[in-house]
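Residues per chain, in single letters:
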Amino acid sequence: MWLKPEEILLKNAFKLWVTEKDNEYFILQRRRGYGKVAVGLLVGTLDTVLDSTSKVAPFRILHHTPDSQIYWSVACGVTKEEIVQHWDWLQQNIMRTLSVFDSSEDITSFVQGKIRGLIAEEGKSSLVLEDDPEKFREALLRFDKWFELPPEEKLVTYYSCSYWKGKVPCQGWLYLSTNFLCFYSYLLGAEVKLVISWDEIWRLEKTSNVILTESIHVLAHGEDHYFSMLLHLNETFVIMEQLADYSIKRLFDKEAFQKEPMLRDPLQITKRGLEAHAKSEQFRTFFRLPKEENLLEVHESFLWVPFSHFNTLGKICLSENYLCFASQDGSQCHVIIPMREVVNRLTNSIRSRCGISASPLHSASSEAIRGECQSLINHFEDNPEDVTLMVGQKDSAKAVSTEALMTVFHPQDMENLDPKMLKEKMKEQSWNIHFSEYGRGTNMFFTKKTRDLIVRGVPEALRGELWMLFSGAVNDMATHPGYYSELVEQSLGTSTLATDEIERDLHRSLPEHPAFQSDTGISALRRVLTAYAYRNPKIGYCQAMNILTSVLLLYAKEEEAFWLLVAVCERMLPDYFNRRIIGALVDQAVFEDLIRENLPQLVEHMTDLSFFSSVSLSWFLTLFISVLPIESAVNVVDCFFYDGIKAILQLGLAVLDYNMDSLINCHDDAEAVTILNRFFDSVTNKDSPLPPTVQQASVGTNDKDTNFGEDISELIREAYEKYGHLRSEEVESSRKRNKLYVIQTLEDTTKQNVIRVVSQEVRFTASQLDELYYLFKRQHFLSCYWTMNSPVLLHHDPSLAYLEQYQLGFQQFSTLFFLLEPWTFCPVKSTLSLWVFRLIDENQDGLVNFKEFCCALDTLYCGSFTNKLKFLFKLHLPPAFELPEDGVIRKSPERGRGKVDLQAYLKQWQNEILKKEETIKDLPRINQAQFIQFSKTLYNIFHGDPEEESLYRAVAHVTSLLLRMEEVGRKLQEPSSPPASSKPASTTAEGSPAEDTTTSPDSTDTSSSQDTPGSELSEVEWSFSFEQVIASLLNEPAIVSFFERPVDIHAKLGQAKAAQLKIKIQK
């Protein structure tokens, strides 16, 4: 590798380097002790600990001039071949040119310029985009040398650190790549090498103890790994967290991954790109912006806030379509300015608000912001069609409801103002005062006072408007005019599994509310749910979406309810509404952590907190709507849209805290559930203006009990007072940490279920099946690591049955079968694996699941002599032996989409139940071409075995015997046939097949093998039954002992584990 020329002092260097070649201007040196254990221990230790090029490159080239004592490093190499190639290039291209220069300075200047030019040329095709490319190139060289990963593996960054192996720290280097976490240390001959793929990590967290003040803990394969003494520990941890999250999304959670195109190509992942993506994600989450927005610029600035009459310090964040500000002085003030709002005003007003001229409102003090705003203004002035698109001037109200259901079924009586209605009017007045001071709509200032008003309760008339504003759905709706109406028209009349489930749940959605006892409410609910299922088929429809959407429709117009549902499902509660409800499980794990931190008394009494996970699932999925009366639940939804999941976590802690004494005194889980249900039934909303016909009746309580219930406003206020210290950043960090564990737990559950099913069919032990599953799953992932659009990714569908979730195509199967098949010496792998693949692919979809794979290996490893021969015999019968017309494997159909064919599943299940065990009499006869290939397969299997000669003779003898038997049988059937034709046939039978396969055992061409026998024999087709073949083979002890020889399964699995990644490298 060419290096940026650096000056080297050689005063003591010759103690560590040996000169191999030299000339007038260059020296080629080898690291002293390279390849020698005794001398290399100390040198290797120094090389690993010290941060220099020499620590990895055992060879280097130096440049010098005869009249100078200064040496310059210009190249290094891991192997002698690499460094000699560089040396030869210098000899051929540089040495002749140097003679024309007069001074040493000119020579050195020319050499340095040439080397820098070579590095620049290499950099044009390189994907390395780091702050110090030269050091990164050196690290990349070490990474490739030490870990021998495929060349496609992308190194993201590296750090010096200590790895704790037992109680002894090993100083070395931590390398973070796209798919692997790697560590290398070499101290006094003790080499420590660690390679962990991100998809194998269960826990990733920062920890501290008495010995280690701060370290990074990684749990993988049941082993704990600790990395400490990192100079930039927080930066390292964030990068590790991002890479682990990237791997989880890409390999396990494809639904979320498809929405992030900037991370789809594993070859384009860089440290800088990950950091930018993380900042954009944090920016979108905080300001509730659409997924398409990316953070472009961040500048510190002062913003004049009119309600306080002073400048507040904060940061201005600019994306493609939004200008946002967040304070940093503890005032909790932030504001969002959509560019579509800016563009809709006069040009002079635009310039004023962007700071180009003085203004008391939204004025920034940064020149950079002015430039950005000016460029956006110019863009919209030059492209007026974009203004129309962004402002949303398009009619979107076609055949959809334009009123919130609550206004239709419970209009407010302005004349008859009872005390509750008076209090409601007071709330509205408070909000109107707030709007006059802080603004209204998308440009409103969000402050601490806004949260205080939310906690006190939102007026019924303003609830829909404020939900749209706080969730960011107002921006989605404004930038997609007419989108919902188009979805309704397109989804009308469609029939899918999702629409069937929607129809089934329509009348279960708030059935006690008058709005959903009429066709108006039911039709609106149907349209919204069907339109969303059509928009996002990967989520489609999940239970709990109907309950949530019902409440949204009560307070928001139909199109607004749709965009609120989009905001909840795709931004605020990610991964909640899918088959595995991963998001809800993650937040339950976060909830358990918060219980441990904030409710220690409860933890002491109930050590198993999984009870709270099962109880609280409905709290998270429905935002407490399913457990609280509707008039109380909407107050919780108010807080959720303002503070996100943090509001739900706070309220959950407050509920447990309120019932602490009762829960501590309960004797079992059933009693605890009863306590919580009674509490929720007793929660009231004393300020609700809704009539009794709209409010839900408390279940299991009477009026007397209800009077002593807790008011929802008081409960929410207590939640904010006691647990308001929770920060959204901490919640998001805990989400990422727990997501790894939740995903791996689900994967482990899948594995245990698969192994339980497969163990009933095979003779492998549980530990052997565990290792086989690891190899099978890893082979699936190895095909996804370095490919942007790997077809194998389509084979993983968590919504399918356990056995079908991971499947291998032919290429993946062939590689794994090569590692595991028992005949180590077999030279012809691809053909044999092709036949095995076709044989075990029972449904002929071009995919093999784990059960089919294990059953085949079980036969080859543990089967009897008869079963093994039967398996080989079937490999030479259709469908395994016959190739399709185009000679390629059929592609698997698209999976996981559309309506499930239940009848096909039932038919397949019935066939499996009725399927009886196959006997040797059920096997068809093998014809001429198939038998010849069967003989060749036996030769290939025996190739390289210590008993190869005797096995070859045995096969030749069996082949000759079977052909003679066939000849005799034919004579008995045709006594009148001329005897002359039998002599050549007999000669061919004795010699041709055996001689052909012995001299050329590697040949597998089926078409040519069909012409091997003599022409006389080929005129009459002959065939053999399996009984004839096995009877003949049983007479050969060498063959019987070969197939009955036990296989060391444990050693075979260990070898496959070690070689699985190297096979990919060799390819």
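The rules behind these values
Residues numbered from 1 in each chain as written. Predicted model: local features only at pLDDT ≥ 70, side-chain atom pairs only at ≥ 80, totals over all residues. Heavy atoms only, no water. UniProt positions renumbered as here; feature names shortened; annotations may be inferred. Helix = DSSP H or I, 4+ residues; strand = E, 2+ residues; numbered from the N terminus. Buried < 20%, exposed > 50% of the residue type's maximum accessible area, 1.4 Å probe, protein only. Contact = heavy atoms within 4.5 Å. Areas by Shrake-Rupley, 256 points an atom, 1.4 Å probe, with all protein chains shown as cover. Salt bridge = Lys/Arg side-chain N within 4 Å of Asp/Glu carboxyl O. Pairing = 2+ DSSP bridges. Axes fitted to C-alpha atoms, helices over the stretch in contact; angles between N-to-C directions. Lys, Arg positive; Asp, Glu negative; His and termini not counted. Disulfide = S-S within 2.5 Å. Core = buried A, V, L, I, M, F, W, Y, C linked by side-chain atoms within 4.5 Å. Phe/Tyr/Trp six-rings, centres within 6.5 Å; stacked < 30°, edge-to-face > 60°. Lys NZ or Arg CZ within 6 Å of the ring centre and 35° of its normal. Expected span 1.5 Å × (residues − 1).

For the protein, the name recorded in an unreviewed UniProt entry is TBC1 domain family member 8B, with Mugilogobius chulae as its organism. Of the protein, the UniProt comment under Subunit (unreviewed entry) reads exactly: "Interacts (via domain Rab-GAP TBC) with RAB11B (in GTP-bound form)." Reading the Subcellular location (unreviewed entry) entry of the UniProt record for the protein gives the comment "Cytoplasm, Cytosol".

Asker: Now, about the overall build of the protein: what can you tell me, with residues and values included?
Answerer: Along its length, the protein carries 46 helices and 20 strands. Counting every position in the protein, which comprises 1067 residues, the buried fraction comes to 53%. Within the protein, contacts between residues at least 6 apart in sequence are counted, and of these 70% link residues at least 24 apart. Accessible surface for the protein amounts to roughly 49,000 Å². Of this, 53% is attributable to carbon and sulfur atoms.

Asker: Tell me about the pattern of salt bridges, and please be specific about residues and values.
Answerer: Any two side chains of opposite charge can pair, on the condition that their charged atoms come close. Considering all chains together, one arrives at 36 salt bridges under this definition. Two residues, Lys777 and Glu747, come together in a salt bridge whose shortest N-O distance is 3.0 Å. Taken together, the residues Lys777 in helix α33 (residues 766–782) and Glu747 in helix α32 (residues 728–759) connect sequence positions 30 residues apart. Relative accessible area serves as the criterion here: at 13%, Lys777 is assigned to the buried category. The buried category is assigned to Glu747, whose relative accessible area is 2%. Each of the salt bridges in this network shares a partner with another, and the network as a whole consists of Glu592, Asp593, Arg596 and Arg737.

Asker: Quick rundown of the sheet that holds strand β12 (residues 223–228)? Include the residues and the values.
Answerer: Here we have seven strands laid out as an open sheet, ordered β9-β8-β7-β6-β12-β11-β10, and antiparallel in their pairing. Across the chains shown, the open sheet's two edge strands, defined by having one partner strand only, are β9 (190–197) and β10 (201–207). Strand-to-strand twist of the sheet, defined as the mean angle between neighbouring strand axes without regard to direction, takes the value 30°. Of the pairings in the sheet, the one linking strand β7 (residues 168–177) to strand β8 (residues 180–187) comprises four bridges and is antiparallel in character. If you follow Leu176 over to β8, its bridge partner there is Leu181. Contacts from helix α5 (residues 133–147) reach β6 (155–165), β7, β8 and β9, with the element oriented near 60° to β6.

Asker: Can you tell me about the side chain of Asp199, naming the residues and giving the values?
Answerer: Of note, Asp199 is situated in the loop between β9 and β10. Of the side chains with opposite charge, Arg778 comes closest to the buried, unpaired Asp199, at an N-O distance of 5.7 Å. Setting aside chain neighbours within four positions, we find Asp199 in contact with Ser247, Leu251, Phe252, Gln744, Phe781 and Tyr785.

Asker: So, the state of the cysteines: which residues are in play, and what are the values?
Answerer: Under the defined criterion, the tally for this structure stands at zero disulfides. With no disulfide of its own, Cys324 lies closest to Cys317 among cysteine sulfurs, the gap being 6.6 Å.

Asker: Any details on the nonpolar core? Residues and values, ideally.
Answerer: Residues Tyr175, Leu820, Phe942 and Phe1043 are the most contacted members of the largest nonpolar core, which totals 131 residues. Looking at which element gives the most residues to this core, the answer is helix α6 (residues 233–251), with nine residues. Apart from residues lying up to four places away in sequence, Tyr175 is in contact with Ala139, Arg142, Phe143, Trp146, Phe147, Leu155, Thr157, Tyr158, Phe180, Leu181 and Cys182. Of all hydrophobic cores here, the second largest spans 128 residues; its members include Tyr484, Leu506, Ala544 and Ala719.

Asker: Tell me about the side chain of Ser73, and name the residues and values.
Answerer: Mapped onto the elements of the fold, Ser73 is located in strand β5 (residues 71–77). Ser73 has contacts with Leu3, Lys4, Pro5, Glu6, Ile8, Ile61 and Leu62, leaving out every residue within four places of it along the chain.

Asker: Tell me about the sheet that holds β5, and name the residues and values.
Answerer: Spatially, β1-β5-β4-β3-β2 is the arrangement adopted by the five strands of the open sheet, whose pairing is antiparallel. The sheet is open, and its two borders are formed by β1 (2–8) and β2 (17–22), each paired with just one other strand. Taking the axes of each pair of neighbouring strands and ignoring which way they run, one obtains an average angle of 30° across the sheet. In this sheet, β5 lies alongside strand β4 (residues 59–63) in antiparallel orientation, the contact comprising five bridges. Residue pairing in the sheet places Arg60 in a bridge with Cys76 of β5. α5 contacts β1 and β5 of the sheet and is inclined by roughly 110° relative to β1.

Asker: Can you lay out the packing of aromatic side chains for me, pointing to particular residues and giving the numbers?
Answerer: Per the counting criterion, the structure on display carries 55 aromatic pairs. Aromatic pair Phe136 and Tyr158: ring centres 6.3 Å apart, planes at 55°, arrangement tilted. With Phe136 in helix α5 and Tyr158 in strand β6, the pair connects residues that are 22 residues apart, well separated along the chain. By relative accessible area, Tyr158 is classed as buried at 18%. Every member of this aromatic cluster is reached through a ring pair, and the members are Phe136, Phe143, Trp146, Phe147, Tyr158, Trp173, Tyr175 and Tyr184. For Arg203, the ring lying beneath its charged end belongs to Tyr741, and the centroid distance is 4.3 Å. Over the ring of Tyr774 we find Lys1057; its NZ or CZ atom is 5.0 Å from the centre of that ring.

Asker: I'd like to hear about α33, residue by residue, with values.
Answerer: The end-to-end C-alpha separation of α33 is 24 Å, in line with the 24 Å expected for 17 residues at 1.5 Å each. With respect to burial, α33 is a largely interior element, 13 of its 17 residues being buried.

Asker: Would you mind going over the pairing of β5 in detail, with residue names and values included?
Answerer: Of all seven residues in β5, seven are buried; the element is thus mostly enclosed. Pairing between β1 and β5: four bridges, direction antiparallel. By the bridge assignment, Glu6 is partnered in β5 with Ser73.

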